[in-house]
Amino acid sequence: MSLADFTLRDAVENDLPAIVAIYNATISGRMVTADTEPVTVESRIPWFRAHNARTRPLWVVLDGDRLCAWLSVNSFYGRPAYTPTAEVSIYVAESHRRRGLGRDLLQCAIAGAPACEIRTLLGFIFAHNAPSLRLFAAHGFEPWGHLPRVAMLDGIERDLIIVGRRVAP
């Protein structure tokens with residue numbers, strides 16, 4: 001399967017409960033996010049509203065009318081000089097993993113970055129998340145930083161790998 005078999009569109013605020021549900025479903029696995037407890041829809045409203053289709057998109061993937069994956073492009077560090085740099089995050093519902101959606105979404109982010117005035121894409125990935133590290137590496141992302149033991153998950157110190165890729169202006 002590929003993204004062509006699904007609908008890709010900009011997220012709308014009514015998508016937020018499904019976005020949060022997919023996100024929360026990853027927390028217990030301790031591979032994807034540093035959140036240790038589920039987040040609420042209300043707590044994610046400011047994050048949602050920080051996105052815009054022109055420069056910081058938030059895309060959702062629909063299988064029929066069911067939201068099954070999403071990708072967000074988030075500002076990096078919040079200072080004006082970093083505006084051309086953004087962090088990309090991808091979340092896929094368990095029911096839709098291993099179908100190439102993450103791969104296709106990452107390709108869309110890379111292809112769409114210049115139109116969003118982005119020159120550098122970053123990923124923040126736990127060192128023990130081998131599938132995500134492989135996904136980003138397959139798309140030209142290289143390790144740009146290693147932050148040893150910066151996260152504590154269930155009493156285990158975890159490393160964070162920062163991967164980066166320049167995109168054509």
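Data block above holds the structure.
Q: I'm lost on the overall build of the chain in this one. Help?
A: What the chain contains, in helices and strands, is four helices and seven strands. The order of helices and strands in the chain, counted from the N terminus, is β-α-α-β-β-β-α-β-α-β-β. Its C-alpha atoms give the chain a radius of gyration of 15 Å, within 12% of the compact-globule value 15 Å for 169 residues. Over its C-alpha atoms, taken along the principal directions, the chain stretches across nearly 40 × 35 × 35 Å. The buried share of the chain, reckoned over its 169 residues, is 43%. Of the contacts formed within the chain by residues at least 6 apart in sequence, a portion of 62% connects residues at least 24 apart. Carbon and sulfur atoms provide 54% of the accessible area of the chain, an area that totals close to 8900 Å². Side chains of the chain carry 18 positive and 17 negative charges; the gap between the two charge centres is 5 Å.

Q: How should I be thinking about the sheet that holds strand β3 (residues 66-75) in this particular structure?
A: Whenever strands of a sheet pair, they do so through backbone hydrogen bonds, lying parallel or antiparallel. Taking strand neighbours across the sheet as the criterion, the seven strands line up as β1-β2-β3-β4-β5-β7-β6 in an open arrangement whose pairing is mixed. Either end of the sheet is taken by a strand with one partner, and the two such strands are β1 (7-10) and β6 (142-153). Ignoring strand direction, the axes of neighbouring strands in this sheet form an average angle of 25°. One ladder, built from six bridges, connects strand β2 (residues 58-63) with β3; its direction is antiparallel.

Q: For this particular structure, what's the right way to read the environment of E157?
A: By the secondary structure assignment, E157 is in strand β7 (residues 156-166). What E157 contacts, discounting residues up to four positions off in sequence, is R149, A151 and M152.

Q: What is the right way to look at the pattern of salt bridges in this model?
A: When charged atoms on two side chains of opposite charge get close, those side chains can pair. In this structure the tally under the stated criterion is eight salt bridges. One salt bridge in this structure joins E117 and R54, with 3.2 Å as the shortest N-O distance. In this pair, E117 sits in the loop between α3 (101-112) and β5 (120-126) while R54 sits in the loop between α2 (41-49) and β2, placing the two residues 63 residues apart along the sequence. Taking the shortest distance from any N to any O, the salt bridge between R98 and E94 comes out at 3.3 Å.

Q: Looking at this structure, how should I read the packing of aromatic side chains?
A: Pairs of aromatic rings are described using the distance from one ring centre to the other and the angle between the two planes. Under the criterion given, the structure shown has eight aromatic pairs. A network of ring pairs unites the aromatic residues Y23, W47, W70 and Y91 as a single cluster. For the cation-ring pair, R44 lies above Y23, with the distance from its terminal atom to the ring centre recorded as 5.5 Å. Positioned over the ring face of W47 is R44, at 4.4 Å from the centre of the ring.

Q: How should I be thinking about the side chain of T120 in this particular structure?
A: Turning to its location among the elements, T120 is positioned in strand β5. Looking at T120, its side chain comes within polar contact range of the side chain of R166, at 2.7 Å. Ignoring anything within four residues of it in the chain, the contact list for T120 reads P84, T85, A86, W144, R165, R166 and V167.

Q: I would appreciate a short explanation of unusual backbone geometry in the present structure.
A: Glycine aside, negative phi is the norm for most residues, and most peptide bonds take the trans geometry. Positive phi is not limited to glycine here, since Y77 has a value of about 70°. We note that R98 has phi near 65°; this positive angle belongs to a residue other than glycine. With respect to the helices, strands and loops of the structure, R98 is situated in the loop between β4 (85-92) and α3. A relative accessible area of 71% means that R98 is categorised as exposed.

Procedures and definitions
- Residues numbered from 1 in each chain as written.
- Predicted model: local features only at pLDDT ≥ 70, side-chain atom pairs only at ≥ 80, totals over all residues.
- Heavy atoms only, no water.
- Helix = DSSP H or I, 4+ residues; strand = E, 2+ residues; numbered from the N terminus.
- Rg over C-alpha atoms; globule rule 2.2 N^0.38 Å.
- Buried < 20%, exposed > 50% of the residue type's maximum accessible area, 1.4 Å probe, protein only.
- Contact = heavy atoms within 4.5 Å.
- Areas by Shrake-Rupley, 256 points an atom, 1.4 Å probe, with all protein chains shown as cover.
- Lys, Arg positive; Asp, Glu negative; His and termini not counted.
- Charge placed at Lys NZ, Arg CZ, Asp CG, Glu CD.
- Pairing = 2+ DSSP bridges.
- Axes fitted to C-alpha atoms, helices over the stretch in contact; angles between N-to-C directions.
- Salt bridge = Lys/Arg side-chain N within 4 Å of Asp/Glu carboxyl O.
- Phe/Tyr/Trp six-rings, centres within 6.5 Å; stacked < 30°, edge-to-face > 60°.
- Lys NZ or Arg CZ within 6 Å of the ring centre and 35° of its normal.
- Polar contact = N/O pair within 3.5 Å; in protein donor to acceptor, adjacent residues only side chain to side chain.

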